[in-house]
Amino acid sequence: MCPKDINNQRLILQAAEAEFLEKGYDKARTTEIAKRAGVNHAMLHYYYQSKEKLFHVVFEEKSRTMHDILLFKLDEDLPFLEKIKAQIEHHFDYIAQHAEIPGFIISEILHSETLREQFIRSTEDHAKDVFAHWKKEIDKEVENGRIRYIEPYDLVYSMVTLNCCFFLIHPLLSAFTGEEAEALREERKKMNTEIILSRLRI
């Protein structure tokens, strides 16, 4: 493939990502994607054939990021509670860098059983690995009397819901609080961390 073709595909994919994340599959238009990319409509169809095929390229890429948001583990050699604190903060900052993705993925899989099943299938094996990792660490800490027991699923679920929900509802909350976005994010990160650590401390 010549450099021009590679560049055109890159421009179209970037434009499609922006269009789909902003409007979702149903409201996105290939004419708008072509316009954003600075190419003609025929060229878009030449490279990607259809809106559906282009969407699936974007969805698969963003699904990989969503997997990292939903299923994560920190392998740093730290005491357990310090590791959890670092994990929550790292996870929060990671979502901040990809704040538009949870809303996009959730919206699309709620409206499409096919996408929902596809996303679940692509996540299952990684989920088992992550939960096994946390189970091993939790059991060791409980046995040594350092934390209260928590199911691995509940630990991960708490981290994900607390951190993701902030970014899902932040556009609404910020309008009422009037606080600066950065200050609000840092305060919420501290609060989310303390909520989970307080559940684990003896």
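None of these values were measured; they are calculated from a predicted model.

Definitions and cut-offs
Residues numbered from 1 in each chain as written. Predicted model: local features only at pLDDT ≥ 70, side-chain atom pairs only at ≥ 80, totals over all residues. Heavy atoms only, no water. Axes fitted to C-alpha atoms, helices over the stretch in contact; angles between N-to-C directions. Helix = DSSP H or I, 4+ residues; strand = E, 2+ residues; numbered from the N terminus. Contact = heavy atoms within 4.5 Å. Nonpolar A, V, L, I, M, F, W, Y, C, P; charged D, E, K, R; others polar. Expected span 1.5 Å × (residues − 1). Buried < 20%, exposed > 50% of the residue type's maximum accessible area, 1.4 Å probe, protein only. Salt bridge = Lys/Arg side-chain N within 4 Å of Asp/Glu carboxyl O. Phe/Tyr/Trp six-rings, centres within 6.5 Å; stacked < 30°, edge-to-face > 60°.

(A) Highlighting the packing of helix H5 (residues 80–97) against helix H7 (residues 113–143). Running from N to C, H5 and H7 point in directions that differ by 140°, and their axes come no closer than 11 Å. Contact residues: H5 offers Phe80, Lys83, Ile84 and Gln87, while H7 offers Trp134, Glu137, Ile138 and Glu141. When its residues are assigned to classes, the contact of H5 with H7 shows 4 nonpolar, 1 polar and 3 charged.

(B) Structural detail: helix H9 (residues 181–200). The end-to-end C-alpha distance of H9, which contains 20 residues, comes to 29 Å, matching closely the 28 Å that a straight helix rising 1.5 Å per residue would cover. Among all positions of H9, only Leu184, Lys189, Asn192, Thr193, Ile196, Leu197 and Leu200 are buried.

(C) Just the pattern of salt bridges, in detail. All chains considered together, the criterion is met by 12 salt bridges. The shortest N-O distance in the salt bridge between Arg146 and Glu141 comes to 2.8 Å. By relative accessible area, Arg146 is classed as partly exposed at 43%. You can call Glu141 buried: its relative accessible area is 9%. Each of Glu19, Glu22, Lys23 and Arg36 takes part in one network of salt bridges that share partners.

(D) Geometry of the environment of Val57. By the secondary structure assignment, Val57 is in helix H4 (residues 51–70). When sequence neighbours within four positions are dropped, the list of residues in contact with Val57 reads Leu13 and Tyr48.

(E) Seen up close, H4. With 20 residues, H4 extends 27 Å between its outermost C-alpha atoms, agreeing within 8% with the 28 Å of an ideal straight helix rising 1.5 Å per residue. Among all positions in H4, only Lys51, Leu54, Phe55, Val58, Phe59, Lys62, Ser63, Thr65, Met66, His67 and Ile69 are buried.

(F) Region of interest: the packing of aromatic side chains. Going through the model one piece at a time under the given rule, you end up with 13 aromatic pairs. For the ring pair Phe20 and Phe55, a centre distance of 5.1 Å and an interplane angle of 80° mean the geometry is edge-to-face. Taken together, the residues Phe20 in helix H1 (residues 3–27) and Phe55 in helix H4 connect sequence positions 35 residues apart. Accessibility assignment for this pair places Phe20 and Phe55 in one class, buried. Aromatic pair Tyr46 and Tyr47: ring centres 5.1 Å apart, planes at 75°, arrangement edge-to-face. The rings of Phe20, Tyr25, Phe55, Phe59 and Phe104 are connected pair by pair, giving a single aromatic cluster.

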